[in-house]
Amino acid sequence: MNLVELDRSLKKLRLSGMANTLEVRIRQAQADRMAGVDLISALVQDELTRRQDRLLARRIKDAEFRDTGKTLDSFDFDFNKKMNRALVFDLGAGHFVLRHEDAFFLGPPGTGKSHLAQAIGHAVIQQGHRVLYREVH
């Protein structure tokens, strides 16, 4: 089987993560004199990474965040000194999800509620959970 046929077969098997990196990995294996098992391991890891990335992207899309760029790292805690930082990071750890609890953010406009809700949603998605984001006015 030549490279074109192998690429076609990988795509037919829905292994596009492997197919997309096949040529690069083969060159790397030749240059580094990789063992066959190391080449296969790298290709399998490429596939797993692609699938994980697609799953995260799909869950972020399904969450319907208003602004997908909001993260806990980008929240300015100095802006709202009353914000309980420990509670925010505890929510970001996702323990409330494992306890089957909801999280509601209440308060006046402009205090960071939407940013934190989306940021915590992102953190929980990274941990493998699904999120449904809704704003109520």
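Undergrad: So what's going on with the pattern of salt bridges? Residues and values would help.
TA: Across all of its chains, the model carries eight salt bridges by this definition. The shortest N-O distance in the salt bridge between lysine 11 and aspartate 7 comes to 3.5 Å. Placement of both lysine 11 and aspartate 7 in helix α1 (residues 3–12) is noted, with a separation of four residues, approximately one turn of the helix. Residue classification places aspartate 7 among the partly exposed residues on the basis of a relative accessible area of 22%. Linking arginine 27 and glutamate 23 is a salt bridge whose minimum nitrogen-to-oxygen distance equals 3.4 Å. Taken together, the positions of arginine 27 and glutamate 23, both in helix α2 (residues 16–32) and four residues apart, correspond to about one turn of that helix. On the accessibility criterion, glutamate 23 (44% relative accessible area) is partly exposed. A cluster of three or more residues bridged by salt bridges with shared partners is formed by Glu47, Arg50 and Arg51.

Undergrad: So what's going on with the side chain of histidine 129? Residues and values would help.
TA: In this fold, histidine 129 is placed in the segment after α6 (113–126). Apart from residues no more than four positions distant in its own chain, histidine 129 is found in contact with Arg59, Val97, Leu98 and Val124.

Undergrad: So what's going on with the packing of α1 against α2? Which residues, and what values?
TA: The geometry of α1 relative to α2 is characterised by a closest axis approach of 7 Å and an angle of 155 degrees between their N-to-C directions. The angle between α1 and α2 places the two elements in the roughly antiparallel class. Here the hand of the crossing between α1 and α2 comes out right-handed. Note on element contacts: α2 touches α1 through Ser16, Met18, Ala19, Leu22, Glu23 and Ile26, opposite Leu3, Leu6, Asp7, Leu10 and Lys11.

Undergrad: Mind laying out α2, listing which residues take part and the relevant values?
TA: Counted at 1.5 Å a residue, the expected span for α2 with its 17 residues is 24 Å, and the 24 Å between its end C-alpha atoms agrees. Bending of α2 peaks at approximately 55 degrees at the position of leucine 22. Just past α2, the residue arginine 33 takes up positive phi, approximately 50 degrees.

Undergrad: Help me get a handle on the nonpolar core, residues and values and all.
TA: Among the nonpolar cores identified, the biggest contains 19 residues, and Phe65, Leu72, Val88, Ile120, Ile125 and Val131 are the most heavily contacted of them. Every element with two or more residues in this core is listed here: α3 (36–63), α4 (85–92) and α6. Not counting chain neighbours up to four residues away, the residues in contact with phenylalanine 65 comprise Ile60, Gln118, Gly121, His122, Ile125, Val131 and Tyr133. Counting eight residues, the second-largest nonpolar core is a separate cluster that includes Leu10, Met18, Ala29 and Leu43.

Undergrad: Any chance you could break down the packing of aromatic side chains for me, citing the residues and the numbers?
TA: Taken as a whole and judged by the stated rule, the model has three aromatic pairs. Ring geometry for phenylalanine 65 and tyrosine 133: centres 5.6 Å apart, planes at 55 degrees, overall tilted. With phenylalanine 65 in the loop between α3 and α4 and tyrosine 133 in the segment after α6, this residue pair connects regions lying 68 residues apart in the sequence. Exposure class is identical for phenylalanine 65 and tyrosine 133. Each is buried. Following the ring pairs from residue to residue traces out a cluster consisting of Phe75, Phe77 and Phe89.

Parameters and conventions
Residues numbered from 1 in each chain as written. Predicted model: local features only at pLDDT ≥ 70, side-chain atom pairs only at ≥ 80, totals over all residues. Heavy atoms only, no water. Salt bridge = Lys/Arg side-chain N within 4 Å of Asp/Glu carboxyl O. Helix = DSSP H or I, 4+ residues; strand = E, 2+ residues; numbered from the N terminus. Buried < 20%, exposed > 50% of the residue type's maximum accessible area, 1.4 Å probe, protein only. Contact = heavy atoms within 4.5 Å. Axes fitted to C-alpha atoms, helices over the stretch in contact; angles between N-to-C directions. Parallel < 35°, antiparallel > 145°, perpendicular 65-115°, else oblique. Left-handed = near helix turned anticlockwise from the far one by under 90°. Expected span 1.5 Å × (residues − 1). Bend = angle between axes of the 7 residues up to and from the residue. Core = buried A, V, L, I, M, F, W, Y, C linked by side-chain atoms within 4.5 Å. Phe/Tyr/Trp six-rings, centres within 6.5 Å; stacked < 30°, edge-to-face > 60°.

Shape is all these values report; function is a separate question.
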